[in-house]
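Here is what each chain is made of, one letter per residue.
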Amino acid sequence: MNSTNDLPVKSADETQALVRKSLARRYRAEKRFRAYGAAAVLAGIGFVIFLFGTIFSQGASVFRQSYVQLTVTYDPEVIDPSGARNPDELVTADYQSIIRAALRERFPQVEGRPNLRELYGVVSSAASLELQQRVVADPSIIGSRETLWVLADDTVDMLLKDKVSRSAPEDERRLSDQQIGWIDALAADDSLKLRFNAAFLSNGDSRDPEQAGVRGALIGSALTLLITLLLSFPIGVGAAIYLEEFAPRNRMTDIIEVNINNLAAVPSIVFGLLGLAMFIALFGLPRSAPLVGGLVLSLLTLPTIIIASRAALKAVPPSIREAALGMGASRLQMVMHHVMPLAIPGMLTGAIIGMARALGESAPLLMIGMVAFIVDVPSGFVDPATALPVQVFLWSDLPERGFVERTSGAIIVLLLFLIVMNATAVILRNKFEKRW
Amino acid sequence: MNQSSKIRPVPEGTKTIGDVTVPEPVFSCRDVDVYYGDKHAIKKVNIDIGRKQVLAMIGPSGCGKSTFLRCLNRMNDTIVGARVEGMIELDGQDIHEKRQDVVQLRARVGMVFQKPNPFPKSIYENVAYGPRIHGLAADRAELDEIVNVSLRRAGLWEEVKDRLNQPGTSLSGGQQQRLCIARAIAVNPEVILMDEPCSALDPIATARIEDLIDELRESYAICIVTHSMQQAARVSQRTAYFHLGDLIEVGETNKIFTNPQAKLTEDYITGRFG
């Protein structure tokens, strides 16, 4: 018998000396790795702060808007010359001239057509709409005088918010020296000031920055995502359950699995083209509709939800399945009673990721016409609509200064929407997780 | 029920030594082969399992005893690539027959696993689950009664009666395993299969489970896989020794342990290998 003591073995002291030598190197490597990690996290936080800082500094001003206080006379000669109080006539009356009369009254010293036109330019064209709505709502005010706040023009708004320079040469400004004088006069006696901009949240899109709002895009996004969630979550979870728990393992299911994984990586615009060809050209669904947007985004979200749901199902310990089957549960009972409750949190995580991606998508929506200029707020799933990211894209392209802050404002609304949506899902997930 | 639970003749050429058959068997297994893909895991096993007694299956790791146990309630069906051949009769009826529903089979043949695996639900729900899915209780009161009786029989009632609504996973390992036994007997099975039920437990919890097995033997046929020969000697009336997929020897426990006929059995129980 060979004794194992004859084999070449280092003494304990030698071994310890080697271990000590290697220790310093190991700790250095660990310290280095920690430093890399901390640096990466700090850089990430820095970028996030920069991003939010720029968006909020540019976009926060959108929630306040310049209004001019005017004293208007609801002149019956202008509004209702026939005196019949015919609603059709009240709608089509020339309210613009009432605003103009009020401005002339405020600045009686201004004379001559070019000067007057500059004066009229201080107030938004939306002001006459405001008067029209008031008169149609209550025709008895015709003939009376009223002091009210009306929207100022976006150029005035930009000046009040210090977004344009007063010191630039006059011909490079959109406001003349004369107009700035009037604006300062109005501001001096508190007839021109920034007030809370409810219109940004209650209006649809507009060509005038001072009138443009995100409500149309917000509702469009909400309707689109509702369709996406209703379609992709049940179908995705169902597909995952079938593939993971019921489908036989063969070449066919392998091909399906590979394809689902590939679909998750397909550029989103391709899904837009598919939606255009299938839902609009083939099935004849309306263009620019949240219904079609939701269908397209469902196609986009499905692979994500299926992959996450399958991973969640795989993570359920096999002992639970065996316990259920051993008790005589059918496969479906096993899945529904025991596997699903444990997998739901993971599935919800997949849904959060998928829905967040769907909310931020604009490219596929461009393909199906949700990029159109739509003033009306959609009231149903087949009304023409646009979505928040598309609205951001549209406004970022427009030349007026007023749309710069509106672009940032729309991004703020988009981020808030995202936070609310994800918070809801996280709360739901935590609720399910607590049930052991 | 047992229209033909007479002794089935053992096929010619079986190499198993000892008393393969018992009178009035609950299970009769003849020429059972199991394949995992190309691997021949169980080779032509012939064995009867008697009523109201404990059959212990012993043997070195990988000898196929757990695989054989899982044939008896068709749990091998769930393993991809597993194939079972031969005849396994429960009360005279082949469990692989078309008209034998696998769900019903598993209600008749309960199982307790190696690692305690209570459902992540309350203690009450764990025990009530089987009766509920099989529709054994007409109303809530009857279900309460079944849960109560099952927990009493599993010797767990006194410990958990005040916290039936707490999660089953909050119990200790030994309590969890007794909960799993209570869960199995709640559907009133004919046979209980136990796959190394004590291997994850300390000696005190093991002793409680062994006492419990001894009590349950009066009502059920019990089939237990164990690595502990002392446990096999303590709890079983019959013992089967498996080796590399072959059933080497089967017979009364005291005979196997005091006077084994096969050389392999003797080597194993005297601790020469395994």
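Worth saying up front: this structure is predicted, and the values here are computed from it rather than measured.

Caption draft 1: Structural detail: the packing of helix H4 (residues 95-106) of chain A against helix H6 (residues 126-137) of chain A. All names here are of chain A. Where H4 contacts H6, the axes come no closer than 8 Å and their chain directions differ by 110°. Looking at the two axes, H4 sits roughly perpendicular to H6. The two elements H4 and H6 meet at a crossing, and its hand is right-handed. Along its contact with H4, which presents Tyr95, Gln96, Ile98 and Ile99, the element H6 presents Ala127, Ser128, Leu131 and Gln132. A per-class count over the contact of H4 with H6 returns five nonpolar, three polar and no charged.

Caption draft 2: Up close: the domain arrangement of chain A. Residue and element names in this part refer to chain A. According to the domain assignment, chain A consists of domain 1 (62-197) and domain 2 (215-433). Between domain 1 and domain 2, the C-alpha centre-to-centre distance is 46 Å. Domain 1 puts six residues into the contact, and the matching count from domain 2 is seven residues. Partitioned by chemical class, the residues of the side of domain 1 that touches domain 2 number three nonpolar, no polar and three charged.

Caption draft 3: Main features of the interface of chain B and chain A. Counting residues at the interface gives 22 residues for chain B, matched by 15 residues for chain A. Secondary-structure elements contributing two or more residues to the side of chain B that touches chain A are helix H2 (102-108) and helix H3 (123-134) of chain B. Per-element tally for the side of chain B that touches chain A: the top contributor is H3 of chain B, with four residues.

Caption draft 4: Focus on the environment of Glu249 of chain B. Among the structural elements, Glu249 of chain B can be located in strand E11 (residues 246-252). With residues near it in sequence (within four places) discarded, Glu249 of chain B still touches Thr16, Ile17, Gly18, Tyr241, Ile256, Pro260, Gln261, Ala262 and Thr265 of chain B.

Caption draft 5: Summary view of the pairing of E11 of chain B. Residue and element names in this part refer to chain B. E11 sits mainly inside the fold: five of its seven residues count as buried. Of the strand pairs in this sheet, strand E1 (residues 17-18) and E11 are connected by two bridges, and their pairing is parallel. Paired with Gly18 across the bridge in E11 is Val250. The pairing of strand E10 (residues 238-243) with E11 spans six bridges and is classified as antiparallel. Bridged to Phe242 within E11 is Leu247. In sequence, E10 turns back onto E11 through a hairpin of two residues, with Leu244 there showing a positive phi of about 50°.

Caption draft 6: Region of the structure containing the nonpolar core. Ranked by internal contacts, the top residues of the largest apolar core, which has 147 residues, are Ile222 and Cys223 of chain B. Considering every element that reaches this core, the biggest residue donor is helix H13 (residues 290-314) of chain A, with 13 residues. Counting 28 residues, the second-largest nonpolar core is a separate cluster that includes Tyr74, Val122, Ala152 and Leu160 of chain A.

Basis of the calculations
Residues numbered from 1 in each chain as written. Chains lettered and ligands numbered in written order. Predicted model: local features only at pLDDT ≥ 70, side-chain atom pairs only at ≥ 80, totals over all residues. Axes fitted to C-alpha atoms, helices over the stretch in contact; angles between N-to-C directions. Helix = DSSP H or I, 4+ residues; strand = E, 2+ residues; numbered from the N terminus. Parallel < 35°, antiparallel > 145°, perpendicular 65-115°, else oblique. Left-handed = near helix turned anticlockwise from the far one by under 90°. Contact = placed C-beta atoms within 7 Å. Nonpolar A, V, L, I, M, F, W, Y, C, P; charged D, E, K, R; others polar. Domains from an automatic or database assignment. Buried ≥ 20, exposed ≤ 12 C-beta atoms within 10 Å, placed from the backbone. Pairing = 2+ DSSP bridges. Core = buried A, V, L, I, M, F, W, Y, C linked by C-beta atoms within 7 Å.

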